[in-house]
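Given next are the chains, with one letter for each unit.
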Amino acid sequence: MPAPLRREGTGWVFTVNSTVLVIGDGSPTEAAVQALQAHTVYWVGETARPGALVKAYPDSTVVEVRGQRGHFRVKLAGAKGKLWLECGNIVLAPRLLSQLDPSLVLPLSCLILPVSRAPLIPAQERQVAFYLGEGENEGSFSSVTALNAAIRWAEHGARVYFFFLEIKVAALGLEDVYGKARRLGVRFFRLADPSALQIFAEGQLLRVHYRDTSLPGLPEFSFAVETLFAGEVYRPGPDFSHLADILRVNRDRWGFLQADDVRLFPVRTNRPGVYVLGEVRGPGYATEVKLEAAAIAGETAPFLSGEIVVPKVLARIDSSRCSLCLNCYRNCPASAVNIDYEAETAVINPLACQGCGLCAADCPAKAITLPQFEPLSDQRQGKTIILACENSGHLAARSIPLPLTWRAKLEIIPIPCAAWVDEVMVLKALSQGALRIVVSACRQESCRSSSGNRRVEEKVLAIKERLKTIGFNPGRIELLRSSANAPQEWQTRIAEIITGDEVIVEVGR
Amino acid sequence: MNEVVVAERKPLAEILEMIRHYQKVLVVGCGGCMTVGLSGGAREVSLLAQEMILARQAQGVVLSVSESTVGRQCEDEFLEKLAEDNEEVEAILSLGCGVGVQAIAGKYPKLPVLPGLNTRFIGQPAGEGVWRESCRACGECILDKTAGICPVTLCPKGILNGPCGGSKNGYCEIGEETPCIWEKIYQRMANTGHLSELELIFPAQDWSKAQGPGTVARRKRRFEQGK
Amino acid sequence: MDAVGFTDNQGAVVRLSSLASAAFWASQGYEAEAILYLTCRDRNRIALQADLLGAYALGIRSVVCVTGDQPKFGNEPQAKTVYDLDSIQLISLVRQLRDEGKFLSGEACSAPPSFYIGGVINPSSEPLALRILRLEKKIRAGADFILTQAVFDLEQFERFMAMVRERDLQHQVKILAGILPVKSPKQAQTLQAQPGLSIPETMLERLSEASVPAKEGLTMALEQMAFLRQVEGVAGINIMGETMGEIVLLVEQAGLYPRPGA
């Protein structure tokens, strides 16, 4: 945990390490190394090569990462034993590995080949099948190859059966390709669901059973084919999934190393100082690698001076109250907390802290404060308090004028993130006379603190349950999700909530 | 840090019943196990205080609650500060384990001291928000003979020559949420080459220390001036 | 029948005490002798030793030592359990009384009871190696005879007995295989939930498809008995039935009454 070098205005200056660690192989990594040429670079990857300022570690893998942006400590293990490296930023830029689409249920058979092999197999006059699964939703890589291969086989007189859940033909020219395949007699079967198709190994052939649930009578068809080309998906290899675990980097629903959060694009992850580049973000991103690498270099350039200014400390732990329960350390979405075992306290690293307040809300010893956000003060009689996230609701609230009648009824209070809301804060406001609390959070995949607003739903439900036990109307806490650029919608939603005011008071506490 | 004594908050209704005669109550938290175990730290104290105030409000009655959290409730010196600013308190509600409640009651015998928690066991965290009992404090530790797994605690029958006849496919007869701990001991001893030790018959155990009340006395070191 | 066993609040359900029932039986002078079951669940070493002395004084000569099912299964789930000893420690204790004339504490017993000592094993829970380990421990602790839990899976029992014979255990202790007639799918389900029992699919199928399940159940029990009698190493059968009538029926139909010659 670094100590600040000096104060500067309201902020602090920290010394930082300007080295960048790049992990991966292939063109994404090459682009990164190229873009970061002003930095000393440590390159960990099978094809790593040394350069002017590049140190290569081709025989090693990363086994542990500690610290935060500006002061990462990375443990490598390799043929020459173990080694600790220090760097200020980390770039993840591997190639993806192809594997058969896991949504396909296939028997073990040497007659089944991945679609990417189809162009290499000479077309003959026989029965072949193509089978694309849910993996096509990630990106139609197999579709293009499969359609072109199907055409080639059909031209050589083969009988081609093409089974698919979805084919996306939105890419340029793909409609024509599909049309050509149809005209050549390729038989397309769109599956209502994967269970409509069953494939068995049968001696030297494959038997394909297809049940059509859309035709009357639910007819069943059975084909024998000599080769089946199965769709593929491209995913980070298992060592990379493991790396994402070590690094505590959030993934999207398919396992790519960038969560579905527009605030992270193009190259960020939930962890400040950890970047992703190229196809590891998702197969669709393989083409913009040079631009992305430049974006990363833009973010790491300030580190070249060896000093970074943190304008204000966003969250702080009172060591005398800290009980080392490890909650903040385990739950911080940005992994910005370190444990100082000697001083027996958790410490927040300002270089990585996003100031969401999740740690403060959960801390059982109430040891964490966010200096920019004071606890709610008194005098709430009869008002609806809106705890509005400064990334969405609070901006929406300020962008167009509020109805005059609302002034007396509402109090809109900015919060750093919905994560900062905790039960005590809400109950206290109610006991001091507030009519209702509304938590105005960002939408699911737009949380600036990545997991902050995901947990707010559980919290609000828990508070509702508690209110019921106490004998209060659970409607006195509500959750509303919105975005900064939809102020009209925000006002409409608030209006819906506060029209219930009179009802709340009468129907009982 | 501390071993974790694990406790659970009593239901609000039960607590309200306990304080039904009082208008001014002090809630005391504990900075040790209860904080780490998320059951009785400063945050839980504030939460309970608010719940009680609101519940009374719902009945149209005012309840005055003050809050305090001490480093450890089981330490006499730490309890001194409870007397400050709390002269008119009618009752103390402790969010400490059973030890804490009794310590406070011993220090302030004129006041009713009430337990806000049910102390459950000595255990360790087993995932977010989950704690499992690991030690029964039986006073005759045999972990050297059972590959570091405690059958006294983890076997519902506490037998020392297990497994019993009810063990089914690796699970306890109680249900599939409970693994048969003797089977785990068997596996670990087999994996580490100590299986032959399991063939020894464990004789009848001395349970006298497991029965309370226990006392441990050790000669305390005193730092003498000038030496 | 050579003997009648009296279980001790089996399944943690409160019943007439096994000691009273066994003592009553023994006092009636029947040819079949009384076997007392003692569990460790409800009594500590003081009560257990006292009961052993009392049982002997009332004419009981055989005792089966079991650990005992947990209260959760019975009608008093809030009861506090004892488990001061486990079954192996209890077997050891009874043997020490008989062979050394000493109580557990080491003090001499002026009139030491001389019991024929039994234990129970469950031969149907994998891994079988662990079950064999327990069997060996019970033998070394002093068991003279062993009753098995009800056997339903005959193939698995054969595998178990093969392991027993490999170690020559059948010559160190008398093994009696357990039979429990299952007369309806519902009974099968209830039994399945009990500790120590597992009923194979084939049995459940036969029961649910039979027109008269009770008859099918008895037929299956007879098949099991016939099989078990010819398994090498099995010295006898322990029939566990719901009613005395059904036990008598089984014994007769299996050709065991009148008692066949040794």
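What this report covers is the structure whose coordinates are included nearby. (Residues numbered from 1 in each chain as written. Chains lettered and ligands numbered in written order. Predicted model: local features only at pLDDT ≥ 70, side-chain atom pairs only at ≥ 80, totals over all residues. Heavy atoms only, no water.)

Moving on: the overall build of chain B. Helices and strands together make up the secondary structure of chain B, namely seven helices and nine strands. Each principal axis of the C-alpha atoms in chain B carries an extent, and together these give about 65 × 60 × 30 Å. Contacts spanning at least 24 positions in sequence make up 58% of the contacts within chain B whose residues lie at least 6 apart. A total accessible area of about 12,300 Å² is found for chain B, and carbon and sulfur atoms account for 51% of it. A gap of 4 Å separates the mean positions of the 25 positive and 28 negative side-chain charges of chain B. (Helix = DSSP H or I, 4+ residues; strand = E, 2+ residues; numbered from the N terminus. Contact = heavy atoms within 4.5 Å. Areas by Shrake-Rupley, 256 points an atom, 1.4 Å probe, with all protein chains shown as cover. Lys, Arg positive; Asp, Glu negative; His and termini not counted. Charge placed at Lys NZ, Arg CZ, Asp CG, Glu CD.)

Across the contact, 21 residues belong to chain B and 27 residues belong to chain A. When the buried area of chain B at its contact with chain A is split by residue, Arg43, Gln50 and Leu54 of chain B rank highest and sum to 32% of it. The partner of glutamate 51 of chain B in a salt bridge is arginine 466 of chain A, with the nearest N and O atoms 3.1 Å apart. At the level of secondary structure, the elements contributing two or more residues to the side of chain B that touches chain A comprise α2 (33-36) and α3 (42-58) of chain B. Element by element, the count of residues in the side of chain B that touches chain A is highest for α3 of chain B, at 11 residues. (Buried area = accessible area lost by both parts, 1.4 Å probe. Salt bridge = Lys/Arg side-chain N within 4 Å of Asp/Glu carboxyl O.)

Attention shifts here to the sheet that holds strand β3 (residues 62-66) of chain C. Residues and elements named next belong to chain C. Overall, parallel pairing links the seven strands, which are arranged β1-β2-β3-β4-β5-β6-β7 in an open sheet. Two strands lie at the open edges of the sheet, namely β1 (3-6) and β7 (234-239), each paired on one side alone. Within the sheet, the average angular offset between the axes of one strand and its neighbour, ignoring direction, is 30 degrees. Bridging between strand β5 (residues 145-150) and strand β6 (residues 174-179) involves four bridges; their strand directions are parallel. Bridging from a neighbouring strand, alanine 150 pairs with glycine 178 of β6. Here helix α5 (residues 154-166) sits on the sheet in contact with β4 (116-121), β5, β6 and β7, set at roughly 175 degrees to β6. (Pairing = 2+ DSSP bridges. Axes fitted to C-alpha atoms, helices over the stretch in contact; angles between N-to-C directions.)

Here the second largest pocket defines a volume of roughly 1,300 Å³. In terms of lining residues, the second largest pocket is bounded by 32 residues, among which Arg136, Val152, Trp207 and Ala210 of chain B together with Val82 of chain C are the most central. Where the lining of the second largest pocket is concerned, the elements lending two or more residues are α6 (151-154) of chain B together with α2 (45-57) of chain C. Residues of the lining of the second largest pocket, tallied by class, amount to 12 nonpolar, 11 polar and nine charged. (1 Å grid on protein atoms, 1.4 Å probe; cavity = no way out; pocket = protein on both sides within 12 Å on 5 of 7 lines; lining within 4 Å. Points joined across faces, edges and corners; volume = space filled by probe spheres on them. Nonpolar A, V, L, I, M, F, W, Y, C, P; charged D, E, K, R; others polar.)

Residue and element names in this part refer to chain A. With omega at 0 degrees, the peptide bond leading from phenylalanine 265 into proline 266 counts as cis. Positionally, proline 266 belongs in the loop between α4 (238-247) and β20 (274-276). Phi angles above zero are rare outside glycine, and arginine 248 is one such case at about 60 degrees. One can find arginine 248 in the loop between α4 and β20. The class of arginine 248 is partly exposed, set by a relative accessible area of 29%. (Buried < 20%, exposed > 50% of the residue type's maximum accessible area, 1.4 Å probe, protein only.)

Each pair of packed helices can be described by the angle between their axes along with the distance between the axes. Residues and elements named next belong to chain C. Contact pair helix α3 (residues 87-100) / helix α4 (residues 128-141): the axes reach a minimum separation of 8 Å and the direction vectors enclose 20 degrees. What the angle tells us is that α3 and α4 run roughly parallel. Both α3 and α4 take part in a crossing whose hand is right-handed. On α4, the residues that touch Ser87, Ile88, Ile91, Ser92 and Arg95 of α3 are Arg134, Lys137, Lys138, Arg140 and Ala141. In the contact of α3 with α4, the residues fall into three nonpolar, two polar and five charged. (Parallel < 35°, antiparallel > 145°, perpendicular 65-115°, else oblique. Left-handed = near helix turned anticlockwise from the far one by under 90°.)

Right, let's get into the interface of chain C and chain B. If you look at the interface, chain C gives 32 residues, while chain B gives 28 residues. The largest per-residue losses of area from chain C upon contact with chain B belong to Gln70, Leu130 and Lys137 of chain C, which jointly make up 22% of the total buried on that side. Remark: the boundary between chain C and chain B carries zero salt bridges. Remark: the boundary between chain C and chain B carries 20 residue pairs in polar contact (both at pLDDT 80 or more). Secondary structure elements with two or more residues in the side of chain C that touches chain B: α3 and α4 of chain C. Here the element with the most residues in the side of chain C that touches chain B is α4 of chain C; it accounts for eight residues. Across the side of chain C that touches chain B, the residue classes break down as 12 nonpolar, 10 polar and 10 charged. (Polar contact = N/O pair within 3.5 Å; in protein donor to acceptor, adjacent residues only side chain to side chain.)

This part takes up the nonpolar core. Formed by 76 residues in total, the largest nonpolar core has its most connected members in Ile437 of chain A together with Val27 and Met52 of chain B. When residues in this core are grouped by element, the largest group, eight residues, is from α3 of chain B. Core analysis: the next-biggest nonpolar cluster, separate from the first, contains 57 residues, Leu36, Cys109, Ile139 and Ile175 of chain C among them. (Core = buried A, V, L, I, M, F, W, Y, C linked by side-chain atoms within 4.5 Å.)

All names here are of chain B. Taken together, Glu84, Asp85, Glu87 and Glu88 make up a surface patch of like negative charges. Within the fold, aspartate 85 resides in the loop between α4 (76-79) and β4 (91-94). On the basis of relative accessibility, which here comes to 69%, the residue aspartate 85 falls in the exposed class. (Patch = residues over 30% accessible without salt bridge, like charges linked within 9 Å, V, L, I, M, F, W, Y side chains within 5 Å.)

Here we take up helix α6 (residues 185-193) of chain C. Since the α-helix packs 3.6 residues into each turn, any two residues three or four apart lie on the same face. Residue and element names in this part refer to chain C. Listed in full, the buried residues belonging to α6 are Gln187, Ala188 and Leu191. Around the axis of α6, the buried residues are gathered within 105 degrees of arc, so they sit on the same side. Along α6, exposed side chains directed more than 90 degrees from the buried face belong to Lys186, Gln189 and Ala193. Summarising the contacts, the buried residues of α6 are in contact with α7 (201-209). (Arc of directions from axis to C-beta.)

All names here are of chain C. Two numbers describe how α7 lies on helix α8 (residues 213-229): the axes approach to 8 Å, and their chain directions differ by 145 degrees. Between α7 and α8 lies a crossing of right-handed hand. In contact with Met203, Arg206 and Leu207 of α7, α8 contributes Pro213, Glu216, Gly217, Met220, Glu223 and Gln224. A class-by-class count of the residues in the contact of α7 with α8 yields four nonpolar, two polar and three charged.

Before going further, it helps to examine the arrangement of the chains. Counting contacts across all two pairs of chains found in contact, the highest total belongs to chains B and C. At the level of C-alpha atoms, the two units chain A and chain C stay apart, their nearest approach being 28 Å.

Before going further, it helps to spend a moment on the sheet that holds strand β1 (residues 4-9) of chain B. Residue and element names in this part refer to chain B. Judged by pairing direction, the sheet is antiparallel, and its three strands sit side by side in the order β1-β6-β7 without closing on themselves. Of all the strands in the sheet, the pair left with one neighbour each is β1 and β7 (131-135). Here the strands of the sheet are splayed against their neighbours by 60 degrees on average, with no regard to which way each runs. Here four bridges tie strand β6 (residues 117-125) to β7, and the two strands are oriented antiparallel to one another. Within β7, the position partnered with isoleucine 122 by the bridge is cysteine 135.

Another aspect to go through is helix α9 (residues 244-253) of chain C. Residue and element names in this part refer to chain C. Those residues of α9 that sit buried are Glu246, Ile247, Leu250 and Val251. In a view along the axis of α9, the buried residues occupy a sector of 140 degrees, so they form one face of it. In this structure, the buried side of α9 is in contact with α8 and β7. One or two steps after α9, the chain reaches glycine 255, where phi turns positive at roughly 75 degrees.

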